[in-house]
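Now for the letters of each chain:
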Amino acid sequence: MNPIGHFRTITKHRHKVIAHCARCGILKRGLLHDLSKYSPAEFIAGAKYYLGTRSPNEEERNRNGYSAAWLHHKGRNRHHFEYWTDYNMKERRVMPVKMPFVFVVEMFCDRVAASKIYQGENYTDNHPYDYFERGKATRSIHPETSDLLESFLIMLRDKGEKETFRHIKSLVKSKSTY
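A brief look at the structure comes next. Keep in mind the model is a prediction, meaning the values are calculated, not measured. (Residues numbered from 1 in each chain as written. Predicted model: local features only at pLDDT ≥ 70, side-chain atom pairs only at ≥ 80, totals over all residues. Heavy atoms only, no water.)

**Some thoughts on the layout of surface pockets**
Estimates place the volume of the largest pocket at around 1,200 Å³. Forming the boundary of the largest pocket are 40 residues, of which Ser55, Glu58, Ala114, Tyr118 and Tyr131 lie nearest the centre. Residue assignment for the lining of the largest pocket shows that the elements contributing at least two residues are helix H1 (3-24), helix H3 (40-48), helix H4 (56-64), helix H5 (68-74), helix H6 (101-119) and helix H7 (127-135). With 7 residues, H6 is the single largest residue contributor to the lining of the largest pocket. Of the residues assigned to the lining of the largest pocket, the class counts are 12 nonpolar, 16 polar and 12 charged. (1 Å grid on protein atoms, 1.4 Å probe; cavity = no way out; pocket = protein on both sides within 12 Å on 5 of 7 lines; lining within 4 Å. Points joined across faces, edges and corners; volume = space filled by probe spheres on them. Helix = DSSP H or I, 4+ residues; strand = E, 2+ residues; numbered from the N terminus. Nonpolar A, V, L, I, M, F, W, Y, C, P; charged D, E, K, R; others polar.)

Structural data, given as structure tokens:
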């Protein structure tokens, strides 16, 4: 049990997301980002399974076969593509739906911040894209949402933070959709 380590990690991550969201022109989303991680349902599990080098949800999943903290988290945080599923009447099954643009931007900021926190001094602008690419084959995400997120991650990888955040901010200002 490491409540102090967990608190420091989630708070450091949250502050990075706030900074990234501000750079993209969605400060409000940054300020609201991941507040549920401080709730007992998520915080206690996070402290119990804290590792410091990756999400405690992975360790909870390894030990229990599922992560109750993650189930709680994804159901309350719209920047996770897992939140955006619904029953498709035509297909007669639950399927991913297209995410609103602002939450895709927040998801991008979240992924970049998480890579920075977990990679530490080894972070490069390739890391968020590499992580995205590793999970692509098994991810259940709306294709248009996936393509938009991937385009941001590729731009980050190829052109760096300054140009990517500037580009995203211009899209936010123009009230872009996809």
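**Quick word on the nonpolar core**
Counting residues in hydrophobic clusters, the biggest one holds 29 residues, and the most contacted among them are Val105, Phe108, Cys109 and Phe152. Among the elements of the structure, H1, H6, H7, helix H8 (143-159) and helix H9 (161-173) are those that each provide at least two residues to this core. No other element matches H6, which puts 9 residues into this core. Aside from chain neighbours lying at most four places away, what touches Val105 is Cys24, Ile26, Phe152, Ile168 and Val172. (Core = buried A, V, L, I, M, F, W, Y, C linked by side-chain atoms within 4.5 Å. Buried < 20%, exposed > 50% of the residue type's maximum accessible area, 1.4 Å probe, protein only. Contact = heavy atoms within 4.5 Å.)

**Considerations on the packing of aromatic side chains**
Any pair of aromatic rings gets described here by the distance separating the centres and the angle formed by the planes. For the structure on display, the rule yields 7 aromatic pairs. Ring centres 5.1 Å apart and planes at 65° place the aromatic pair Tyr83 and Trp84 in the edge-to-face group. Residue class for Tyr83 comes out partly exposed when judged on its relative accessible area of 31%. Each ring, one from Phe101 and one from Tyr178, has its centre 6.5 Å from the other, and the planes form 50°; the classification is tilted. Taken as a pair, Phe101 in helix H6 and Tyr178 in the segment after H9 lie far apart in primary sequence, 77 residues in all. Given a relative accessible area of 24%, Tyr178 falls into the partly exposed group. In textbook terms, an aromatic cluster arises when at least three aromatic residues are bridged by ring pairs, as seen for Phe101, Phe108, Phe152, Phe165 and Tyr178. A cation sits over an aromatic face here: Lys98 above Tyr178, 4.5 Å from the ring centre. (Phe/Tyr/Trp six-rings, centres within 6.5 Å; stacked < 30°, edge-to-face > 60°. Lys NZ or Arg CZ within 6 Å of the ring centre and 35° of its normal.)

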